[in-house]
Amino acid sequence: VAKLMNEAGLITLTSFISPYEEDRANARALIGDDFIEIFVSTPLDVCEKRDSKGLYKKARTGEIPNFTGINSPYEKPKNPEITIDTSNISIERATNRIMKQIIKYMNGKK
């Protein structure tokens, strides 16, 4: 769907927990040159502190198997276009930074 929207000239943001480099490479290959990888790099301890649903706790006790970052691997992106560490930046600043990068990218295509 994102590819169709992109082909129609729309900017489409999708949000996924994609723990494997191969999956991200497949997404990049599908979208092509217009793919911008945004790595939301938040330390595991911060994720656990923010976990209002208690999912990390359940994963640590074995209630949730194959939980990314706990009992299932996570392959950190090697060269994302944008990296945002939400442990040291507000939502507003993160959003502004992402938008500036997208606008810069779009202006470079003209």
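Everything that follows concerns the structure shown earlier in this document.
Residues numbered from 1 in each chain as written. Predicted model: local features only at pLDDT ≥ 70, side-chain atom pairs only at ≥ 80, totals over all residues. Heavy atoms only, no water.

Caption draft 1: Local environment of the packing of aromatic side chains. Tallying each qualifying case throughout the model produces two aromatic pairs. Pairing F39 with Y74 gives two aromatic rings, centres 6.3 Å apart and planes at 20 degrees, and the pair type is stacked. Of the two residues, F39 is situated in strand 1 (residues 38-40) and Y74 in the loop between helix 4 (55-60) and strand 2 (82-84); the sequence distance between them amounts to 35 residues. Taking relative accessible area as the criterion, Y74 reaches 36% and is therefore assigned partly exposed. (Phe/Tyr/Trp six-rings, centres within 6.5 Å; stacked < 30°, edge-to-face > 60°. Helix = DSSP H or I, 4+ residues; strand = E, 2+ residues; numbered from the N terminus. Buried < 20%, exposed > 50% of the residue type's maximum accessible area, 1.4 Å probe, protein only.)

Caption draft 2: Examining the nonpolar core more closely. Counting residues in each nonpolar core, the largest one holds six residues, listed as I82, I84, I89, A94, I98 and I102. Elements with a contribution of two residues or more to this core: strand 2 and helix 5 (91-109). For this core, the leading source of residues is helix 5, giving three residues. If we skip the residues at most four places from it in the chain, I102 touches I11, L13 and I36. (Core = buried A, V, L, I, M, F, W, Y, C linked by side-chain atoms within 4.5 Å. Contact = heavy atoms within 4.5 Å.)

Caption draft 3: Representation of a nonpolar patch on the surface in the model. Among the surface-exposed residues, V1, L4, M5 and L10 lie close enough to one another that they form a single nonpolar patch of about 420 Å² accessible area. With respect to the helices and strands, V1 occurs in the segment before helix 1 (2-7). (Patch = residues over 30% accessible without salt bridge, like charges linked within 9 Å, V, L, I, M, F, W, Y side chains within 5 Å. Areas by Shrake-Rupley, 256 points an atom, 1.4 Å probe, with all protein chains shown as cover. Salt bridge = Lys/Arg side-chain N within 4 Å of Asp/Glu carboxyl O.)

Caption draft 4: Inspection of helix 5 at higher detail. With 19 residues, helix 5 should reach 27 Å at 1.5 Å per residue; the first-to-last C-alpha distance of 27 Å fits that figure. A94, I98 and I102 are the residues of helix 5 that are buried. Along helix 5, the residues classed as buried sweep out an arc of 65 degrees about the axis, all on the same side. In helix 5, those exposed residues whose orientation departs by more than 90 degrees from the buried face are E92, R93, K100, K104 and G108. Taken together, the buried residues of helix 5 touch strand 1 and strand 2. (Expected span 1.5 Å × (residues − 1). Arc of directions from axis to C-beta.)

Caption draft 5: Here's a closer look at the environment of K100. Topologically, K100 is positioned in helix 5. Along the primary structure K100 and A59 are separated by 41 residues, whereas in three dimensions their C-alpha atoms are 36 Å apart.

Any functional reading would require information beyond the geometric quantities listed.
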